[in-house]
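Spelled out from the first residue to the last, the chains are:
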Amino acid sequence: MRTSAYKGIFPSSRKRNPSRAVSAKKKTARKQSLSACSRYLLCLLWAALLLPAACTKPETKDLPPKEVVLTKATLRISTALPEERPLKPGTATKSTTQMQPEDLNMIKTLSVFQYDPEGNLVVSDHHDYTNGGRYEGVMSTILNVNLAIYDGTTVCLVANLYESEFNAIVSACPLLRDFQEYKASIPYVGLSADNLGVGTTERIYMSGYYEGNIRQGQEISVTLGRLVSNIAIGIAASPAFSGNNAIQYVEIQLMNIPTQTFVFPPEESDYLTTNIPRSEFRIENINSPTEDHSYRFYYVPGFGAFDDATACRLHITAVTASGAQRSTDVYLGNDAPDEADRSYSIYRNCNYTFNLRLVPRAKATFGDSGIPDATSPADGIASPFPTAIPGQECVIGL
């Protein structure tokens, strides 16, 4: 009985007479009482041991991941021709410094990244079309690759990554959103701590992607586009520069150039919240400029720019026969000066041509610094720091 047991555990406070004899019957009753007490103690002990287990949430093992079913898919890969930003009629853009299409659009390696409908990386693969550098690569290809069967999957392709760069993306981009935010550094030739070299790259990254379903034996066509654009800067000088004011040579430097770009095709608005490091190309000379444009070519990653602070900027310094220096800056943009919310963005996989004509600044005065008086009007422009746009000649007063 629970009451008896309780009394056995906590005896009555009444004092027992030590001189009183204890009968055998009472001894037996006491043993029975102690036996009941022992049983109750044992029950309490088991209850104490089992209570934490009863109150603890049972451990649950993670469900095994859903089995990925692979199929041999066929990827038909081609490269997109760059979009031509309009040229000034009758101008030529040939130069020994311009990279040829076989350099610009050659697929040397191809990296494949597949993400499932939840955005998890499920397949990654890397292919070398140069056989370790023995061949130049291919302009287009058909690739048989294992892809996972899914509805609503995303397959991303990137050309011309080194295997170490491919491995870096696999480690850094386990999720699709990581891949969409991943930025690659442009491998410029002559890159140094001071500048980005002369504006050519050792490799041209290209990318493309497919969104949709993967079925057994699926065939997919993907077009790759360059992550960079070709910018041609044409410099011509007016014959009005004569005598001691004749221009001996012009120094140009393209500045405020992003050193990285998104691998996955971004939205222009993505750049509003992204901080990308910037630098400039090395200074180049154009000797004895004439009325015909002399061109220099640069490869610039696509990027979004919404004001002149984030725009590409060309710094121009003309050195005359007398040794005087005349300098100004020119912003590179897409829209006419009077257009609202004008864009200074450089869109990827495009060919841009900016034609600039240098003319004497009307009534300009030059101090010891050689910089024109900012209040002096330039011939044909209203600002000493104009914006050049593709397809229109920009007149620069010096």
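As shown above, the structure is provided for reference.
About the cut-offs
Residues numbered from 1 in each chain as written. Predicted model: local features only at pLDDT ≥ 70, side-chain atom pairs only at ≥ 80, totals over all residues. Heavy atoms only, no water. Salt bridge = Lys/Arg side-chain N within 4 Å of Asp/Glu carboxyl O. Helix = DSSP H or I, 4+ residues; strand = E, 2+ residues; numbered from the N terminus. Buried < 20%, exposed > 50% of the residue type's maximum accessible area, 1.4 Å probe, protein only.

Student: What should I look at first to understand the pattern of salt bridges in this one?
Tutor: Oppositely charged side chains can pair when the atoms bearing their charge come close. The final tally for this structure, using the stated rule, is eight salt bridges. We note a salt bridge from Glu284 to Arg296, for which the minimum N-O separation is 3.8 Å. Remark: Arg296 occurs in strand β16 (residues 294-301) and Glu284 occurs in strand β15 (residues 284-287); sequence separation between them is 12 residues. Residue Asp329 pairs with Arg313 through a salt bridge whose shortest N-O separation is 3.1 Å. Of this pair, Asp329 sits in strand β18 (residues 325-332) while Arg313 sits in strand β17 (residues 313-320), and the two are 16 residues apart along the sequence. Owing to a relative accessible area of 14%, Asp329 belongs among the buried residues under this scheme. Judged by relative accessible area, which is 22%, Arg313 ranks as partly exposed. The structure contains a network of salt bridges with shared partners spanning Glu165, Glu202 and Arg203.

Student: Would you mind showing me how to read the environment of Gly132 here?
Tutor: Locating Gly132 in the fold gives a position in the loop between β4 (121-128) and β5 (141-148). What makes Gly132 exposed here is its relative accessible area of 64%. Each C-alpha atom of the pair Gly132 and Lys108 lies 9.7 Å from the other, and the pair is 24 residues apart in sequence.

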